[in-house]
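# Structural overview for review
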Amino acid sequence: MTSADAKKRIDKLRDQIEDLRYRYHVLNDPKVTDDVKDSLEKELKALEQDFPEFADPNSPTNRVAGKALAKFVKVKHEHRMLSLNDVFNVEELRSWETRIKKLLPTNTKISYFAELKLDGLAVSLIYKDGVFIRGATRGDGFIGEDITQNLRTISAIPLVLREKIPGLVEVRGEALMSKKVWHALNKKQEAEGKQLFANTRNAAAGSLRQLDSKLTAERKLDFLAWNIILPKDFELPTHAGEHAFLAKLGFKVPKEQCESKTLGEIEAFIKEVEKIREKYPFGTDGVVVSVNENELHQRLGVIGKAPRYMVAFKYPAEKATTTVRNIIVNVGRTGVLTPVALFEPTLVAGSTVSKATLHNMDQIERLGLKIGDTVIIQKAGDVIPEVVEVLEKMRTGKEKHFKMPSKCPVCEGSVERRTIGSGNTSSAAYYCTNPNCLAKNQRGMEHFVNAFEIYTVGPKIITRFKDEGLISDAADLFTLEKGDIEGLERFGEKSAENIIQSIADHREISLAKFLYALGIMNVGEQTSEDLAEHFGTLDKIMKASVDEINAIENIGPIVSQSVFDYFRYKENVHYIEKLLANGVEIKKQAKKVAGKLTGKTFVVTGTLESMSRDEAKAKIKALGGHAAESVSKNTSYVVVGENPGSKAIKAEKLGVTILNEKEFLDLIK
Ligand code: IVH
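Residues numbered from 1 in each chain as written. Predicted model: local features only at pLDDT ≥ 70, side-chain atom pairs only at ≥ 80, totals over all residues. Heavy atoms only, no water.

Once that is clear, we can look at the overall build of the chain. What the chain contains, in helices and strands, is 24 helices and 26 strands. Relative to its length of 669 residues, the chain is extended, with a C-alpha radius of gyration of 33 Å against a globular reference of 26 Å. In terms of principal-axis extent, the alpha carbons of the chain reach across some 100 × 75 × 60 Å. Out of the 669 residues in the chain, the part that is buried amounts to 48%. Per element, the accessible surface of the chain, about 34500 Å² overall, is 51% carbon and sulfur. In the chain, 99 side chains carry a positive charge and 94 a negative one; their mean positions are 1 Å apart. (Helix = DSSP H or I, 4+ residues; strand = E, 2+ residues; numbered from the N terminus. Rg over C-alpha atoms; globule rule 2.2 N^0.38 Å. Buried < 20%, exposed > 50% of the residue type's maximum accessible area, 1.4 Å probe, protein only. Areas by Shrake-Rupley, 256 points an atom, 1.4 Å probe, with all protein chains shown as cover. Lys, Arg positive; Asp, Glu negative; His and termini not counted. Charge placed at Lys NZ, Arg CZ, Asp CG, Glu CD.)

Put into structure tokens, the structure is as follows:
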């Protein structure tokens, strides 16, 4: 074959394959089979090998390109990628309309456009002079990651637009995995003993974030376009027009869409979509409704991260079934007892759920719920998981009735039933009557999370968790799952994840910090360290007598008594057992080193030049010495830096040896 003939054949093959790809992947034309395309591609590949001078990065043979990446490169979006505000019912949708109409001059002609809200990953595709040059994830909206290679493997993405547009065009849409492909993938994962993907979105995300585009190619992702940003001269007046144009350019666009002058028709469309949603080949979680006229977009503008001219109508809760393993009782800040159902961990709306509050006894009676029951649970857009129904037909006869305990599960104090309100709105709740009940101790919990350095859990979150009945005490924090908290108001998936992660990251703790976290009266950080250092294990501290504790240097009789007393209370011991049972791990205490400062007690005061006070204390400890906070007659040395306070004066009074920085440095040399 001559070079000229080869070129002609190559061009024809490329056109033909491109056309088949378009018909198969974009138009969904069943007449085309992959075999035909494969066969043509085989011929094209062979020709391209024989005639490398005709290589073209946009040849259909180049859909898997290049080597695996070391990492994704960050890219700045030319136009910010926004997100959407959600509405959950027709009323909210209508008040959105009222709000925007208020912002526009009366008599402004307005129409609406509604389309599917696809449950995948937003991506941006840049075309230069009609050729695909870069694709990126949304990232934080300003900066995303370059995933061009991976996107090139998606057959529904045209490498060349079907109409030439000079300059830059940005197409945005959803990278998705169809339900069919997801099922097949999970089957394969299962057979290979690999982790399953919870939903199509996770599967799509996992597949797109592969550094090796060959892996992405295997996952058979899809792409549906929902937005286009055109050069000035090509701009279109409506969103509906843009959708039609996207289809013309060779993109897949869902045919389910609705353009209307009234919101009423849009509402009907939303109802229609809800009916077909389950059978739709891709995951959809709602309908995106926008003001159709692009000119009005400018006027309505953006508020925060979301445009005013667009909202996402979200369909209600996903449901799942599970069994109730147990019903436990949590005690709130006010002492109220809240029954909580513990489930077999179950996936609902994409995350694992292990518990749900039952609110009160009335709710349990309304549901007719027994321990061991099979139940339907649901997790709506921003509602925490809840039990909605008991499947009574699933009963085996082994289910058990639940009764409110007569003693507080935290402190064993007596429980009382109180009625709040009157008439129809009255409700009865059970309360722990012990004013000193640990569960009422909000400050104690705040202290605990600080000591454990779980900084993602602040006072407000503690209150929230308690009010929802998710926790009684700090030990319960260690039983939370992401799905248990992610539905809480103002709680995104990300913050839920951060909280769960930081709790998990701080399960392991030193003995001193653990003691400190317990909040024993008169036991601060220093005493905790002294106790840990002296006794070495929690067990020994718990068993120590007042005298044994009192014998420790720097610990006086009041502190000794308070430590001793703490461990005599049964509920405190239960609490410690619960912490350990829930996964808190106390690190082995490092053996106290014997060194040249063994037996010597130091107090460091003022500002040192060569190191911080904490560094100085660490040095003292490393050499076997003891670093104390306050000066007493037992102090061996007071190290004095710049601007010392009362400690230096006290040392002088007591006749304790004072060291300046240089003398201290000489000593520890
Ligand atoms: S338009 C101004 N249209 O939903 C934001 N988004 O909650 C532009 N999504 O990040 C979004 N289907 O990943 C739009 N038909 C659709 C969509 C859609 C799914 C996703 C998209 C976006 C998120 C916003």
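Continuing now.
Neighbouring the ligand are 13 residues, the closest being E115, L116, K117, L118 and E174. Here an oxygen atom of the ligand and a side-chain polar atom of E174 are 2.9 Å apart. About the coverage of the ligand: the protein hides 89% of its 510 Å² of free accessible area. Broken down by element, the shell around the ligand gets its largest block of residues, 4 residues, from strand 3 (residues 112–118). A per-class count over the shell around the ligand returns 9 nonpolar, 1 polar and 3 charged. (Near = heavy atom within 4 Å. Polar contact = N/O pair within 3.5 Å; in protein donor to acceptor, adjacent residues only side chain to side chain. Nonpolar A, V, L, I, M, F, W, Y, C, P; charged D, E, K, R; others polar.)

Once that is clear, we can look at the packing of aromatic side chains. Summed over the entire model, instances satisfying the criterion amount to 13 aromatic pairs. Where W96 meets Y112, the ring centres are 6.0 Å apart and the plane angle is 55 degrees; that geometry is what we call tilted. Highlighted residues: W96 in helix 3 (residues 90–103) and Y112 in strand 3, separated in sequence by 16 residues. Grouping aromatic residues by their ring pairs yields a cluster made of Y127, F132, F223 and F251. For R418, the ring lying beneath its charged end belongs to Y431, and the centroid distance is 4.4 Å. (Phe/Tyr/Trp six-rings, centres within 6.5 Å; stacked < 30°, edge-to-face > 60°. Lys NZ or Arg CZ within 6 Å of the ring centre and 35° of its normal.)

Okay, the pattern of salt bridges next. What the rule picks out here adds up to 36 salt bridges. The salt bridge involving E41 is made with K37; its shortest N-O contact spans 4.0 Å. Linking E41 with K37, this pair stays in helix 2 (residues 34–50), spanning 4 residues, or about one helical turn. No difference in accessibility class separates E41 from K37, as the two residues are buried. (Salt bridge = Lys/Arg side-chain N within 4 Å of Asp/Glu carboxyl O.)

The end-to-end C-alpha distance of helix 2 is 24 Å, a good match for the 24 Å that 17 residues give at a rise of 1.5 Å each. All of the buried residues in helix 2 are K37, L40, E41, L44, L47 and E48. All buried residues of helix 2 project into a common sector of 125 degrees when viewed along the axis, lining one side. In helix 2, the exposed positions angled more than 90 degrees off the buried face are occupied by D35, K42, Q49 and D50. On its buried face, helix 2 sits against helix 1 (3–26). (Expected span 1.5 Å × (residues − 1). Arc of directions from axis to C-beta. Contact = heavy atoms within 4.5 Å.)

By size, the foremost hydrophobic cluster in this structure holds 50 residues, and its most contacted members are F465, L518, L531 and F567. Secondary structure elements with two or more residues in this core: helix 12 (442–451), helix 13 (459–467), helix 15 (493–505), helix 16 (511–518), helix 17 (525–535), helix 18 (538–543), helix 20 (557–566) and helix 21 (570–581). It is helix 16 that contributes the most residues to this core, 6 residues altogether. Ignoring anything within four residues of it in the chain, the contact list for L518 reads Y566, F567, Y575, I576 and L579. Listed in part, the 34 residues of the second largest apolar core include F132, W182, A204 and F223. (Core = buried A, V, L, I, M, F, W, Y, C linked by side-chain atoms within 4.5 Å.)

Our focus in this paragraph is the sheet that holds strand 13 (residues 310–314). The mixed open sheet is built from 5 strands, whose spatial order is 2-13-10-3-9. The open sheet has two free edges, formed respectively by strand 2 (85–87) and strand 9 (257–260), since each of these has just one partner strand. On average, each strand axis in the sheet is inclined to that of its neighbour by 30 degrees, with strand direction left out of account. Strand direction decides the pairing type here: strand 3 and strand 10 (residues 284–291), joined by 7 bridges, are antiparallel. Across the sheet, K117 pairs through a bridge with G286, a residue of strand 10. Across the sheet, helix 3 is in contact with strand 2, strand 3, strand 10 and strand 13; its angle to strand 10 comes to roughly 20 degrees. (Pairing = 2+ DSSP bridges. Axes fitted to C-alpha atoms, helices over the stretch in contact; angles between N-to-C directions.)

Turning next to the packing of helix 12 against helix 13. The relative placement of two packed helices comes down to the angle between their axes together with the axis-to-axis distance. The N-to-C vectors of helix 12 and helix 13 enclose an angle of 125 degrees; their axes lie 10 Å apart at closest approach. The angle between helix 12 and helix 13 falls in the class oblique. Judged by the twist between their axes, the crossing of helix 12 over helix 13 is right-handed. Taking contact as the criterion, the partners of Q442, M445, E446 and V449 in helix 12 are, on helix 13, P459, I462, T463 and K466. (Parallel < 35°, antiparallel > 145°, perpendicular 65-115°, else oblique. Left-handed = near helix turned anticlockwise from the far one by under 90°.)

Even without being a glycine, N107 presents a positive backbone phi close to 75 degrees. Locating N107 in the fold gives a position in the loop between helix 3 and strand 3. In this structure N107 comes out as exposed when scored by relative accessible area, which is 76%. Although it is not a glycine, N643 adopts a positive phi angle of roughly 50 degrees. As for its position among the elements, N643 is in the loop between strand 25 (637–640) and helix 23 (646–654). Taking the relative accessible area as the measure of exposure, N643 reaches 67% and is therefore exposed.

What follows is about helix 12. Along helix 12, the positions that sit buried rather than exposed are Q442, M445, F448, V449 and A451. Lining the buried residues of helix 12 we find helix 13, strand 21 (508–509), helix 16 and helix 21. At the exit of helix 12 stands E453, carrying a positive phi of roughly 55 degrees.

On to the pairing of strand 5 (residues 131–137), then. A regular strand places its side chains so that they alternate between the two faces of the sheet. Examined bridge by bridge, strand 4 (residues 121–128) and strand 5 share 6 bridges and lie antiparallel to one another. Across the sheet, the residue bridging to L125 is G135, located in strand 5. Taken together, strand 4 and the strand that follows it, strand 5, pair antiparallel across an intervening segment of 2 residues, in which D129 is found at a positive phi of about 50 degrees.

Overall, the coordinates contain 0 disulfides when judged by the stated rule. No disulfide involves C408; its sulfur sits 3.8 Å from the nearest other cysteine sulfur, which is in C432. Between C432, a cysteine without a disulfide, and C411, which holds the nearest cysteine sulfur, the sulfur-to-sulfur distance is 3.6 Å. (Disulfide = S-S within 2.5 Å.)

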